[in-house]
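# Descriptive analysis of the structure
Below are the chains, spelled out letter by letter.
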Amino acid sequence: EVTALVEWPVTLIGSFDEAFLNVPAEPLIYSMKDHQKYFPVNDKYGNLLNKFIFVANIESKDPQQVVFGNEKVIRPRLADAEFFFKTDKKQTLEQRLASLESVMFQKQLGTLKDKSERIAALSEFIASKIDENPINAHRAGLLSKTDLMSDMVLEFPQVQGTMGKYYALHDGEDNNVAQALEDQYRPRFSGDKLPEGNIGCAVAIADKIDTLVGIFGINQQPKGDKDPFALRRAAIGLIRIIIEKELNLDIKDLLTKSTELYGDKLTNENALEQVIEFVLGRYRAYYQEKDISVDVIQAVLAKSPMEPLDFDQRIKAVSFFKGLTEAKNLAAANKRVGNILAKFDGTLYESVKTTLTTEPAEIILAEKYQEIFNEVKPLMASKSYQAALTALALLREPIDTFFDSEMVMADDEAVKINRLTLLNDIRNSFFAIADISLLQY
């Protein structure tokens, strides 16, 4: 930005009164950067210094006068921040709760006070699911929007949440509650850092879910490239927090709870299903950034797992499986079985009848599958998907031999149904993890 403002750049260093460093660094930095295009300076520990670098558009014969002039300009800006900070501390965040009633979140969805109360209840619900303190989570959710009513945030909107943390600490709130007030907006953009603590995760998730459910609930969902409520960013942020913080949370549970908290405010009866579909649709963008191929993502999406952490484990397992030498043949076999079953309009047996497996290739396949199934069952129960797929990969040779040796659609109706039942069982064992027939080679 500064590069575009100058033709003959000359860098100079100014300073300001050290007393201003008693104000939190963030508003001081915004004063310097946004208002004056100055570069703030930190020490090697990341602490703000009372220095700033600025760029003049002239090589002055008396540079000190240019420095004095810029120091004079920045002083009242920093004094404003200092004044706001001192004034804001005269009122606690709790005392600001009532003023949230005067600010509308959205006409049909109520005020910021209403939103804070919903976030508090949902944060408490989430905290109980991840073994965190539900009382702290409720408190953080309740106070989450109070700093929006402070003079500092009205002047510097970019420090919302951050000032909430400072004011909460000044008020004597629990450290985890204070940190959660800053964490609630994270991640703000792609690649941004995630909430530090789990209370912050709970509030950040609750805030995003409340917005998603509310906006879909009044039929204001994104259309085309228009996303005024930044719902796509909220959904990806939600996925990132749950996966990267390894939280065992079920998206459908959270969305259902949020829908209940809205009561009769929502007019779209299909909101819950639409938000689930919307969130599932964001996985593709999330994983493509991590260089996961689209076919792997589609294979897992076919199962629509509701737990992002579970989704991630399946993605890793299928990515690993796709690299195995057996995978290509097994993907083709699954596709072939799917096509055969799609054309079959009869009823399969509940289980394979051993009395009807008479040919060597089908006997070997049935026995091998049963052996592997017994091994895979506990692996599936513990969500060890990679180990399960590795074990199932051993079916490649007996399946290939079976297809080469036998006619699935045998003349004998009972034999045909028995073979289809066996192939369906095998396909379902793979499909319990993902639809590997969608893998591309």
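Structure's up top.
Reading guide: rules and limits
Residues numbered from 1 in each chain as written. Predicted model: local features only at pLDDT ≥ 70, side-chain atom pairs only at ≥ 80, totals over all residues. Heavy atoms only, no water. Axes fitted to C-alpha atoms, helices over the stretch in contact; angles between N-to-C directions. Helix = DSSP H or I, 4+ residues; strand = E, 2+ residues; numbered from the N terminus. Left-handed = near helix turned anticlockwise from the far one by under 90°. Contact = heavy atoms within 4.5 Å. Nonpolar A, V, L, I, M, F, W, Y, C, P; charged D, E, K, R; others polar. Core = buried A, V, L, I, M, F, W, Y, C linked by side-chain atoms within 4.5 Å. Buried < 20%, exposed > 50% of the residue type's maximum accessible area, 1.4 Å probe, protein only. Phe/Tyr/Trp six-rings, centres within 6.5 Å; stacked < 30°, edge-to-face > 60°. Parallel < 35°, antiparallel > 145°, perpendicular 65-115°, else oblique. Salt bridge = Lys/Arg side-chain N within 4 Å of Asp/Glu carboxyl O. Expected span 1.5 Å × (residues − 1). Pairing = 2+ DSSP bridges.

### As for the packing of helix α11 (residues 251-262) against helix α12 (residues 271-288)
- Interaxial distance between α11 and α12 falls to 10 Å at its minimum, and their mutual angle equals 140°. Along this stretch, α11 crosses α12, giving a crossing that reads as right-handed. Two secondary-structure elements touch here, α11 through I251, K252, L255, T256 and T259 and α12 through L272, V275, I276 and V279.
- For the contact of α11 with α12, the class distribution of residues is 6 nonpolar, 2 polar and 1 charged.

### A look at the nonpolar core
- Counting residues in each nonpolar core, the largest one holds 131 residues, and the members touching the most others are M152 and I205.
- At 12 residues, helix α9 (residues 198-217) tops the list of elements feeding residues into this core.

### Some remarks on the packing of aromatic side chains
- Using the criterion set out here, one finds 14 aromatic pairs in the structure.
- The interplanar angle of 10° and the centroid separation of 4.6 Å between the aromatic rings of Y38 and F52 together place this pair among those described as stacked. Linking Y38 in the loop between α2 (25-36) and β2 (39-42) with F52 in strand β3 (residues 48-56), this pair joins segments that are 14 residues apart in sequence.
- You can call Y38 buried: its relative accessible area is 4%.
- Given the relative accessible area of 0%, F52 is considered buried.
- Considering the side-chain rings of Y38 and F54, the 5.8 Å spacing of their centres and the 50° angle between planes classify their relative orientation as tilted. Here Y38, found in the loop between α2 and β2, pairs with F54, found in strand β3; they are 16 residues apart in sequence, far enough to count as distant. Across the pair, F54 and Y38 agree in class, each one buried.

### Section: the packing of helix α10 (residues 231-244) against α12
- For the pair α10 and α12, interaxial distance at closest approach is 9 Å and the crossing angle is 75°. As summarised for this structure, α10 and α12 are arranged roughly perpendicular, according to the angle between their axes. Where α10 approaches α12, its residues L231, R232, A235, I236, L238, I239, R240, I243 and E244 are matched on the opposing element by F278, V279, R282, Y283, A285, Y286 and Y287.
- Tallied by class, residues from the contact of α10 with α12 come to 12 nonpolar, no polar and 4 charged.

### Thoughts on the pattern of salt bridges
- Within this structure, the stated rule accounts for 26 salt bridges.
- For the salt bridge of K316 with D312, the shortest nitrogen-to-oxygen distance reads 3.0 Å. Of the two residues, K316 and D312 both sit in helix α14 (residues 308-322), 4 residues apart, roughly one turn of that helix.
- Connected through salt bridges with shared partners, the residues K115, R118, K145, D207 and D210 form a single ionic network.

### Considerations on α14
- Helix length check: α14, at 15 residues, gives a terminal C-alpha distance of 21 Å against a target of 21 Å (1.5 Å per residue), a fit within 8%.
- Among the residues making up α14, those that are buried are P308, L309, D310, F311, D312, R314, I315, A317, V318 and F321.

### Concerning the side chain of R186
- Tracing the chain through its elements places R186 in the loop between α8 (175-183) and α9.
- Non-local contacts of R186, meaning those with residues more than four positions away in its chain, are made with Q179, D192, K193, L194, P195, E196, A204, K208 and I241.

### Examining the pairing of β2
- Two elements, β2 and β3, share 3 bridges in a ladder whose sense is antiparallel. By the bridge assignment for β3, P40 is matched with F52.
- Turn length for the β2-β3 hairpin, with the two strands adjacent in sequence and antiparallel, is 5 residues, and the turn residue G46 shows positive phi of about 90°.

These figures come from the coordinates and say nothing about function on their own.
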